[in-house]
Amino acid sequence: MRGADPAARRALLATACREFRAPQVRWIGAYYVVLFCLLRFPFHTYQPFLARAGADDPLFVGGLFFALNVVAAPFSRMTPWLVARSGHRALFWSMPILIAVSLVAMAGNAGAFGIALFFVHQIPFGTHWAIVHDWINHRIGGASRATVLSAMSFAGRIAFGAMFPLVMALDDIGLAYRVVGIGGLVATALVMVAMPKRA
C-alpha cells in the first residue's frame, strides 16, 4: 500500500479488520500460525541437525537443499488436484500432523533416516500456501484479501520469533524436535476442533 492515498489505505485496513471479525477468518489465521511455526522450525534447524548427524559438509548441505526444493516443486503444481481429490479439511489436518510426527521421529534419529525425513517436510511446504490461498479466495473479498494474507504471514513470523528462542534454550536439538513435534500435534488438534462448522 506504499504510495496509496491515505483515505484509501484506511478504508482497506478497515475492510481487513471487518474480515477478521468473521470466525472463519480468525480460524484460518490461527491455523496458519500453527502450520507456519511447524514448517519454519526444521527449516532453521536442518544444519544443526546435520552437524549432529555428522553430515555437515558444505557440498553435501548445498546439494541437499537443492534436492529439497526439487521435491517441493511438483507438490506445488499438484495442489489443485489434491484439493479436488481430498478436500480442504483432510489437507488441513494432514499437513501439520505430517510435519509434527516427522519431528518426533527425527528427535531420536540423527542418522540417514532422520535426514530422509527432511523430504517429508517438502510435501506440506510445497502445498500449504496455495491451499490456504485457495481457502481464503473463496471467503474473502478481493479488496482486503492481500491485507489479510499479509497480516497472517506477519502473525506467523511473530509467533515463530517468540517460540524459537524458547525451544532452542533447551540446548538439545533432539529434545527441541520432540517438544515442537508433540506441541504441534496438540496445537493442531486444538485448532482443528475449533474449526467453525460453516467453514
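Residues numbered from 1 in each chain as written. Predicted model: local features only at pLDDT ≥ 70, side-chain atom pairs only at ≥ 80, totals over all residues. Heavy atoms only, no water.

Draft legend 1. Spatial organisation of the packing of helix 4 (residues 79-86) against helix 5 (residues 88-107). It is the contact of helix 4 with helix 5, at a shortest axis distance of 7 Å, that shows an interaxial angle of 115°. As judged from the angle between their axes, helix 4 and helix 5 are roughly perpendicular. Where helix 4 abuts helix 5, its residues Leu 82, Val 83 and Ser 86 lie against His 88, Ala 90 and Leu 91. (Axes fitted to C-alpha atoms, helices over the stretch in contact; angles between N-to-C directions. Helix = DSSP H or I, 4+ residues; strand = E, 2+ residues; numbered from the N terminus. Parallel < 35°, antiparallel > 145°, perpendicular 65-115°, else oblique. Contact = heavy atoms within 4.5 Å.)

Draft legend 2. Quick peek at unusual backbone geometry. The phi torsion at Asp 171 lies on the positive side, around 60°, for a residue other than glycine. With a relative accessible area of 73%, Asp 171 lands in the exposed category. (Buried < 20%, exposed > 50% of the residue type's maximum accessible area, 1.4 Å probe, protein only.)

Draft legend 3. Expanded view of the environment of Ala 151. On the secondary structure map, Ala 151 appears in helix 8 (residues 142-168). Separated by 122 residues in the primary sequence, Ala 151 and Gly 29 place their C-alpha atoms 8.5 Å from one another.

Draft legend 4. Inspection of the packing of aromatic side chains at higher detail. Taken as a whole and judged by the stated rule, the model has 14 aromatic pairs. Centroid distance Trp 27 to Phe 92: 5.4 Å. Interplanar angle 75°. Geometry classified as edge-to-face. Residue Trp 27 is located in helix 2 (residues 23-52), and its partner Phe 92 is located in helix 5; the two are separated by 65 residues in the primary sequence. Considered together, Trp 27 and Phe 92 belong to a single accessibility category, that of buried residues. Each member of the aromatic cluster is reached from another via a ring pair, and the members are Phe 41, Tyr 46, Phe 49, Phe 65, Phe 118, Phe 160, Phe 164 and Tyr 177. (Phe/Tyr/Trp six-rings, centres within 6.5 Å; stacked < 30°, edge-to-face > 60°.)

Draft legend 5. Highlighting the confidence of the model for the protein. Model confidence for the protein is summarised by a mean pLDDT of 88, while 91% of its residues fall at 70 or above. Within the protein, helix 9 (residues 173-193) carries the highest mean pLDDT (96), whereas helix 1 (residues 6-20) carries the lowest (69). (pLDDT = per-residue confidence, 0-100.)

Draft legend 6. Broad picture of the nonpolar core. One finds Trp 27, Ile 28, Tyr 31, Phe 92, Phe 118 and Tyr 177 to be the most contacted residues of the largest nonpolar core, which totals 50 residues. For this core, the elements supplying multiple residues, two or more each, are helix 2, helix 3 (58-77), helix 4, helix 5, helix 7 (118-137), helix 8 and helix 9. In terms of residue count, helix 2 provides more of this core than any other element does, 16 residues in total. (Core = buried A, V, L, I, M, F, W, Y, C linked by side-chain atoms within 4.5 Å.)

Draft legend 7. Molecular detail of a nonpolar patch on the surface. On the surface, Trp 93, Ile 97, Val 101, Val 104, Ile 182, Leu 185, Val 186, Leu 190 and Val 193 cluster together into a nonpolar patch covering about 750 Å² of accessible area. Only helix 5 and helix 9 provide two or more residues apiece to the nonpolar patch. No other element matches helix 9, which puts 5 residues into the nonpolar patch. With respect to the helices, strands and loops of the structure, Leu 185 is situated in helix 9. (Patch = residues over 30% accessible without salt bridge, like charges linked within 9 Å, V, L, I, M, F, W, Y side chains within 5 Å. Areas by Shrake-Rupley, 256 points an atom, 1.4 Å probe, with all protein chains shown as cover. Salt bridge = Lys/Arg side-chain N within 4 Å of Asp/Glu carboxyl O.)

Draft legend 8. Up close: the environment of Asp 171. With respect to the helices and strands, Asp 171 occurs in the loop between helix 8 and helix 9. Along the backbone, Asp 171 and Ala 187 are 16 residues apart, and their C-alpha atoms lie at a distance of 23 Å.

Draft legend 9. Up close: helix 9. Look at helix 9: 30 Å from first C-alpha to last across 21 residues, which is about the 30 Å you get at 1.5 Å a residue. When helix 9 is considered as a whole, its buried residues turn out to be Ile 173, Gly 174, Ala 176, Tyr 177, Val 180, Gly 181, Gly 184, Thr 188, Val 191 and Met 192. The buried residues of helix 9 occupy an angular sector of 150° when the element is viewed end-on, so they sit on one face. Relative to its buried face, helix 9 has exposed residues pointing more than 90 degrees away, namely Leu 190 and Val 193. For helix 9, the N-terminal cap is Asp 172; the gap from its side-chain oxygen to the backbone nitrogen of Gly 174 is 3.0 Å. (Expected span 1.5 Å × (residues − 1). Arc of directions from axis to C-beta. Polar contact = N/O pair within 3.5 Å; in protein donor to acceptor, adjacent residues only side chain to side chain.)

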